[in-house]
Amino acid sequence: MAIEVRDVNKSFGTTPVLHDVSLDVAAGSLTALLGPSGGGKSTLLRVIAGLERPDTGTVRISGVDATRLSPQRRNVGFVFQHYAAFKHLTVFRNVAFGLEIRKRPKDEIRKRVMELLELVHLEKLADRYPSQLSGGQRQRMALARALAVEPQVLLLDEPFGALDAQVRKELRTWLRRLHDEVHVTTVFVTHDQEEAIEVADTIVVLAGGEVVQAGSPGEVYDNPANPFVMRFLGPVTEIGGSLVRPHDIEISPDPVEGGSPAVVSRVVRLGFEVRVEVEIGGHEAWVQVTREQADRLGLGPGDTVHLRPAPGARSLVLAL
Amino acid sequence: MAKHVLRVVAVVYVLFLLVLPVALIVWRTFGDGLAPFAEALTSPSALHAFTVTLTVAGWAVLANTVFGVGAALLLVRHEFPGKRLLGAFIDLPMAVSPVVVGLALILVYGRFSPLGGLLESWGIQVIFSTPGMVLATVFVSLPLVVRAVVPVLEELGDEQEQAAHTLGASRLQSFVRITLPGIRWALGYGVVLCLARSLGEYGAVAVVSGRLVDQTQTLTLFVEERFQNFDQPAAFAAATALALIAVVTLLFTKLLRPKDRSDGN
Ligand SMILES: Nc1ncnc2c1ncn2[C@@H]1O[C@H](COP(=O)(O)OP(=O)(O)OP(=O)(O)O)[C@@H](O)[C@H]1O
Ligand SMILES: [Mg+2]
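Predicted, not measured: the structure shown is a model, and the values here were computed from it.

## Looking at the pattern of salt bridges
Proximity of charged atoms lets side chains of opposite charge pair with each other. All names here are of chain A. Within this structure, the stated rule accounts for 28 salt bridges over all chains. A salt bridge links aspartate 24 to arginine 6; the nearest nitrogen and oxygen atoms lie 2.9 Å apart. Residue aspartate 24 is located in strand E2 (residues 15–25), and its partner arginine 6 is located in strand E1 (residues 3–12); the two are separated by 18 residues in the primary sequence. Classification of aspartate 24 by relative accessible area gives partly exposed; the value is 39%. Put simply, Arg168, Arg172, Asp192, Glu194, Glu195 and Glu198 are held in one network by salt bridges that share partners.

## A short note on the site of ligand 1
Residues and elements named next belong to chain A. Near ligand 1, the surroundings consist of Phe12, Val17, Pro36, Ser37, Gly38, Gly39, Gly40, Lys41, Ser42, Thr43, Glu158 and His191. At a separation of 2.5 Å, an oxygen atom of ligand 1 approaches a polar side-chain atom of serine 37. Glycine 39 is positioned such that a nitrogen or oxygen atom in its backbone is 3.1 Å from an oxygen atom of ligand 1. Burial of ligand 1 by the protein amounts to 58% of the accessible area it has alone, namely 640 Å². Here the element with the most residues in the shell around ligand 1 is helix H1 (residues 41–49); it accounts for three residues. Partitioning the shell around ligand 1 into residue classes produces three nonpolar, seven polar and two charged.

## As for the UniProt feature "transmembrane region" (unreviewed entry) in chain B
Residues and elements named next belong to chain B. According to UniProt, the feature "transmembrane region" (unreviewed entry) maps to residues 5–27, 47–76, 88–110, 122–146, 187–213 and 233–252 in the numbering used here. Span residues 47–76 is 100% helix and 0% strand, its end C-alpha atoms 42 Å apart. The straight-line gap between the two end C-alpha atoms of residues 233–252 is 29 Å; of that span, 100% is helix and 0% is strand.

## A short note on the domain arrangement of chain A
Residue and element names in this part refer to chain A. Taken domain by domain, chain A comprises domain 1 (3–228) and domain 2 (235–317). Across the contact, six residues belong to domain 1 and five residues belong to domain 2. Of the roughly 520 Å² buried at the junction of domain 1 and domain 2 (both faces included), carbon and sulfur atoms supply 55%. On the domain 1 side of the contact with domain 2, Tyr221, Asp222 and Pro227 bury the most area, a combined 70% of that side's loss. For the side of domain 1 that touches domain 2, the residue count by class is three nonpolar, two polar and one charged.

## Let's talk about the sheet that holds strand E10 (residues 210–215) of chain A
By way of backbone hydrogen bonds, the strands of a sheet pair with one another, either parallel or antiparallel. Residue and element names in this part refer to chain A. Taken in spatial order, the six strands make up an open sheet running E6-E7-E8-E3-E9-E10, and their pairing is mixed. Only two strands of the sheet have a single neighbouring strand rather than two, namely strand E6 (76–79) and E10. Between one strand axis and the next, the sheet turns through 15° on average, direction left out of account. Where strand E3 (residues 30–34) lies against strand E8 (residues 185–190), five bridges are found, and the strand directions are parallel. Opposite leucine 33, over in E8, you have valine 189 as the bridge partner.

## Section: the environment of B:Leu103
Residues and elements named next belong to chain B. Position of leucine 103 relative to the elements: it lies in helix H5 (residues 98–109). What makes leucine 103 partly exposed here is its relative accessible area of 49%. Residues leucine 103 and leucine 250, 147 residues apart in the sequence, show an inter-C-alpha distance of 30 Å.

## Focus: the packing of aromatic side chains
Applying the stated criterion across every chain, the model contains five aromatic pairs over all chains. Stacked on the ring of A:Tyr221, the Lys or Arg A:Arg245 has its end atom at 4.1 Å from the ring centre. The lysine or arginine in question, B:Arg177, covers the ring of A:Phe97, its NZ or CZ lying 5.9 Å from the ring centre.

## Quick look at unusual backbone geometry
All names here are of chain A. One non-glycine residue, lysine 103, lies in positive phi territory at about 55°. Following the sequence through the fold, lysine 103 ends up in the loop between helix H3 (91–101) and helix H4 (106–119). Not every positive phi belongs to a glycine, and glutamate 150 is a case in point at roughly 45°. Note on placement: glutamate 150 falls in the loop between helix H5 (135–148) and strand E7 (153–156).

## Details of the packing of H4(A) against H5(A)
Residues and elements named next belong to chain A. Look at H4 against H5: their axes get within 9 Å of each other, and the N-to-C directions meet at 140°. What the angle tells us is that H4 and H5 run oblique. In this structure, the crossing between H4 and H5 has a hand that is right-handed. Facing H4, whose interface residues are Arg112, Leu116 and Leu119, H5 presents Ala144, Leu147 and Ala148.

## Re the UniProt feature "domain: ABC transporter" (unreviewed entry) in chain A
Feature annotation in UniProt places "domain: ABC transporter" (unreviewed entry) on residues 3–233 of chain A, given in this structure's numbering. Structurally, residues 3–233 of chain A comprises 39% helix and 26% strand, and the distance from its first C-alpha atom to its last is 24 Å.

## Considerations on the packing of helix H9 (residues 159–166) of chain B against helix H10 (residues 171–200) of chain B
Residues and elements named next belong to chain B. Here H9 crosses H10 at 130°, and the two axes come no closer than 9 Å. Taken together, the axis directions place H9 and H10 in an arrangement best described as oblique. The crossing of H9 and H10 is right-handed. On H10, the residues touching Gln160, Glu161, Ala164 and His165 of H9 are Arg171, Ser174, Ile178 and Thr179. Of the residues belonging to the contact of H9 with H10, the class tally is two nonpolar, four polar and two charged.

The rules behind the values
- Every chain's residues receive numbers from 1 upward, in the order its sequence appears when written.
- Working convention: letters from A go to chains and numbers from 1 go to ligands, in the order in which they are written.
- Two thresholds apply to this predicted model, a pLDDT of at least 70 for residue-level local features and 80 or more for giving and counting side-chain atom pairs, whereas whole-chain, interface and lining totals are computed over all residues.
- Hydrogens and waters are ignored; side-chain quantities use all the structure's heavy atoms.
- In the sections that follow, a salt bridge refers to a side-chain nitrogen of Lys or Arg positioned within 4 Å of a carboxyl oxygen of Asp or Glu.
- The helix count covers DSSP runs of H or I at least four residues long, the strand count covers runs of E at least two residues long, and both are numbered beginning at the N terminus.
- Categorising residues by exposure relies on relative accessible area from a 1.4 Å probe, with only protein chains included: less than 20% of the type maximum marks a residue as buried, more than 50% marks it as exposed, and the intermediate range marks it as partly exposed.
- Residues are labelled near a given molecule or strand when at least one of their non-hydrogen atoms is within 4 Å of it.
- Pairs of N or O atoms within 3.5 Å make up the polar contacts considered here, provided that, within protein, one atom can donate a hydrogen while the other can accept it, and that residues adjacent in sequence are counted only when both atoms are side-chain atoms.
- Throughout, the Shrake-Rupley method with a 1.4 Å probe supplies accessible areas, and for residues the shown protein chains are the sole cover considered.
- Charged means Asp, Glu, Lys or Arg here, nonpolar means Ala, Val, Leu, Ile, Met, Phe, Trp, Tyr, Cys or Pro, and polar covers whatever is left, Gly included.
- UniProt positions are given in the numbering used here, feature names are shortened, and annotations may be inferred rather than shown by experiment.
- Marked domain ranges trace back to an automatic or database domain assignment.
- Here a residue-residue contact requires only that any non-hydrogen atoms of the pair lie within 4.5 Å.
- Two parts placed together each lose some accessible area under a 1.4 Å probe, and the buried area is that loss summed for both.
- Here the rule is simple: two strands pair whenever DSSP picks up at least two bridges between them.
- A fitted line through C-alpha atoms represents every axis, and for helices the fit uses only the stretch in contact; the resulting angles, taken between N-to-C directions, go from 0 to 180 degrees.
- Ring pairs shown here join Phe, Tyr and Trp side chains whose ring centres sit within 6.5 Å, with only the six-membered ring taken for Trp; geometry is labelled stacked below 30 degrees between planes, edge-to-face above 60, and tilted in between.
- For a lysine, the NZ atom is tested; for an arginine, the CZ atom; a charge sits over a ring if that atom is within 6 Å of the ring centre and within 35 degrees of the ring normal.
- Geometric relationships in this document are graded by angle, where less than 35 degrees denotes roughly parallel, more than 145 denotes roughly antiparallel, 65 to 115 denotes roughly perpendicular, and other angles denote oblique.
- Left-handed is the label given to a crossing in which the near helix is rotated counterclockwise from the far helix by less than a right angle, and right-handed is the label when the rotation is clockwise.

Structure (structure tokens):
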């Protein structure tokens, strides 16, 4: 295991932020720390990096107990949400910083920094200052700077949080490819479930300061540990007292076995998908169908339809 | 209309309070050409006063730079009991008259106080000598560096320093390589202000120095003493020199100010 966190507790003053958090991160993996705002993701990441000291519990990095080590000695790469670029240094000097601290020979530094800048596609901007870069470029510079010291683990706090949707998507794919190239154990924080599912090979759901579930994206999506995780990982709707994914519902004009009647209240066409909003058993729900399906059924407001979970659909019974 | 009245008021105000006095001093100084000016400033007493002023101001600026940066770091980056009290104390010299400061220093370090007696028995004379004058000057110019650095340090935040730590930098390394460059303009501004204040200090230094001609006489004391002794050329020459130094330091602060801003974004 590259990172082993055991029973970590952390409070700020009297506010508990992490509660008995244990976490294993396999060497070479790309793990997403997913959870709602204020869930303690950043705090956990900072505990791993040594920027925050846990009240109790231990952190081991590559098998070495790092709980009492200062960040300076942990050899982790940390990328801050707002980049923390060294404003008075050029892109080149930013990336070279860790190597200069380690007193590496000048030409070795030059070679390594240029390699890294090529890796993050910033080789042409080496002499610029951070204020002359776009957000995405700054983010990549911060990543190159963290990678320069060949860290044992790379920790990214909402790496794409401050970027617009388009750049975000690009960088996501790019991060995935970069990881396949560099293979450094990576943990990144996000509150965007789509990002976690798309990029990570392991997802750890953290909420209210506790690890709620950990597993591969498929596992977490298909077998959510509780309604919270199910809601957090994707769209859900409620039919017959169960939580179901809206695309896992069969809709038909005629009564079916195990189905419940519902009245269509609105049909919303969102490009390829069509969202059918219904009233069922006195409350509202919605079903996601394809355009083709919607056309075939010819649904309109006021129609009565029959709904049931598709065979093999995952659903969670809600405790009333 | 109101605009014009305001403008006239402002101009008259500045004219009578600033322009006229300074212009008169300059006119009196150079009224008989440059030679008397040079002569008055190169008299042994004047030169000695220059040296004393520079020595005292130099030490005071050094002390307040080190203390100022330290105190600013403490106030911005750390939580500790008594923090607000420290902040209030740092502003105290703004409110207390320098004469009071001088008297207080005599009470603490004077020959007849326990602390002063002890220091004297070790051969260190504080009052009526350079250490006391440095102390007095340090006190009156204490807030300038701290107050210049604190807001910039706050705006800088500590993420860059944390990033430096994760990249392997020690506290000292991250201070020298990250924090110091981040606050350099503000620090320069504070140091220049502190220098200007130290060079011009009169009240506190007058009390603790004992005004010993050719021994503890600073340039401001020299001006006053020459004026009292009807040596107006020397008094005006030294006053003009002080004013010129002030103008130069002011220009420096003007140079430092705009960069400060462009550096912040
Ligand atoms: N230095 C601090 N002092 C006091 N409270 C803090 C501190 N840092 C974090 N907290 C509190 O700890 C809780 C968890 O914060 P944390 O930043 O870890 O959440 P997060 O999961 O990263 O949230 P987000 O997605 O909004 O970044 C929050 O309630 C926050 O207010
Ligand atoms: Mg956070």
